[in-house]
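Okay, here's what each chain looks like letter by letter:
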Amino acid sequence: MIVKSLDHLNIISKKISKKLENGDWIFLIGEIGVGKTTFTRYLINNLQNQKGLKETEVLSPTFNLLYEYEIEDLKIMHYDLYRIKKNDDLNNLGIFSDNSKVIKIIEWPDLIQTPLKDKLEIYLEYKENENERNMILKGLGKWESIKYEV
C-alpha cells in the first residue's frame, strides 16, 4: 500500500493499535529515516489516547537500544537493534524473556531468527515522492489478516 502522508501513517497506526495486546511483536523494517520511529510514536500515542492518558515523547532508541512505556495494563518495549551485530549481544538484551506480558516493537530485527507466534512485520520503503512511503504488512498468528484490515 502507498502511505500518502504522515496523517495517513497515523491512521494506519491507529487501526493497528486497536488490535495490539501484550504478547504481540512488531518488527519495523526499512532504511534509516524511512519512518519506523515515527510509526512507533503514532502507535504509542494512539494507545495513550485510547486510555485517556497524556501523550508522551517517543524517541528513537538507537543509542539507548531500548525505551519502555507503561500504558495502564500494556507494557511496550521499543528496541532499536541497528548497532547490534552479533547474536550474543542480542541475547544479552533479554528480548526473548517475559514475552507474554509485554508488547515488543523492534526496529532493525535482522538478527532475530526465533519463531514468534503473534508477529506483525511492517516494511517501509521510500517512494519517488518524498512524502510517500510504500508499506507492506506481513502477519503471523492473530496478525495474519491485517493487510486486509488497514
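First, a word on what this report is: a plain description of the structure on this page. (Residues numbered from 1 in each chain as written. Predicted model: local features only at pLDDT ≥ 70, side-chain atom pairs only at ≥ 80, totals over all residues. Heavy atoms only, no water.)

**Observations concerning the packing of aromatic side chains**
Inference 1: Per the counting criterion, the structure on display carries 3 aromatic pairs.
Inference 2: Taken together, a centroid distance of 6.4 Å and an interplanar angle of 85° make the contact between W25 and F27 edge-to-face. Grouping residues by exposure puts W25 and F27 together as buried.
Inference 3: Here the basic side chain of K85 rests over the ring of Y82, its NZ or CZ set 5.1 Å away from the ring centre. (Phe/Tyr/Trp six-rings, centres within 6.5 Å; stacked < 30°, edge-to-face > 60°. Buried < 20%, exposed > 50% of the residue type's maximum accessible area, 1.4 Å probe, protein only. Lys NZ or Arg CZ within 6 Å of the ring centre and 35° of its normal.)

**A word on the pattern of salt bridges**
Inference 1: Inspection of every chain in the model, using the stated rule, returns 7 salt bridges.
Inference 2: The shortest N-O distance in the salt bridge between K51 and D73 comes to 2.9 Å. In this pair, K51 sits in the loop between α2 (36–50) and β3 (66–71) while D73 sits in the loop between β3 and β4 (74–80), placing the two residues 22 residues apart along the sequence.
Inference 3: Judged by its relative accessible area of 29%, K51 is partly exposed.
Inference 4: Look at D73 and you get exposed, because its relative accessible area is 52%.
Inference 5: Residues K119 and E121 are paired through a salt bridge, measuring 3.0 Å at the closest nitrogen-oxygen approach. Considered together, K119 and E121 belong to a single accessibility category, that of buried residues.
Inference 6: Salt bridges linked by common partners bring E21, D24 and K142 together as one network. (Salt bridge = Lys/Arg side-chain N within 4 Å of Asp/Glu carboxyl O. Helix = DSSP H or I, 4+ residues; strand = E, 2+ residues; numbered from the N terminus.)

**What to know about α2**
Inference 1: The end-to-end C-alpha separation of α2 is 21 Å, in line with the 21 Å expected for 15 residues at 1.5 Å each.
Inference 2: Most of α2 sits inside the fold, with 11 of its 15 residues counted as buried.
Inference 3: Within α2 the residues assigned to the buried category are K36, T37, F39, T40, Y42, L43, I44, N45, N46, L47 and Q48.
Inference 4: Among the residues trailing α2, G52 stands out with phi positive, at a value near 75°. (Expected span 1.5 Å × (residues − 1).)

**Looking at the layout of surface pockets**
Inference 1: When its volume is computed, the largest pocket comes out at roughly 180 Å³.
Inference 2: Along the wall of the largest pocket there are 13 residues; nearest its centre are I32, G33, K36, E107 and W108.
Inference 3: Looking at which element gives the most residues to the lining of the largest pocket, the answer is α2, with 3 residues.
Inference 4: Broken down by class, the residue content of the lining of the largest pocket amounts to 4 nonpolar, 6 polar and 3 charged.
Inference 5: Put simply, the second largest pocket is a space of about 150 Å³. (1 Å grid on protein atoms, 1.4 Å probe; cavity = no way out; pocket = protein on both sides within 12 Å on 5 of 7 lines; lining within 4 Å. Points joined across faces, edges and corners; volume = space filled by probe spheres on them. Nonpolar A, V, L, I, M, F, W, Y, C, P; charged D, E, K, R; others polar.)

**Examining the sheet that holds strand β6 (residues 119–126)**
Inference 1: Judged by pairing direction, the sheet is mixed, and its 7 strands sit side by side in the order β1-β7-β6-β2-β5-β4-β3 without closing on themselves. Looking at the sheet topology across the chains shown, the edges are occupied by β1 (2–3) and β3.
Inference 2: Sheet topology places β1 next to strand β7 (residues 133–139); 2 bridges connect them, and they run antiparallel. Paired with V3 across the strands is R133, a residue of β7. (Pairing = 2+ DSSP bridges.)

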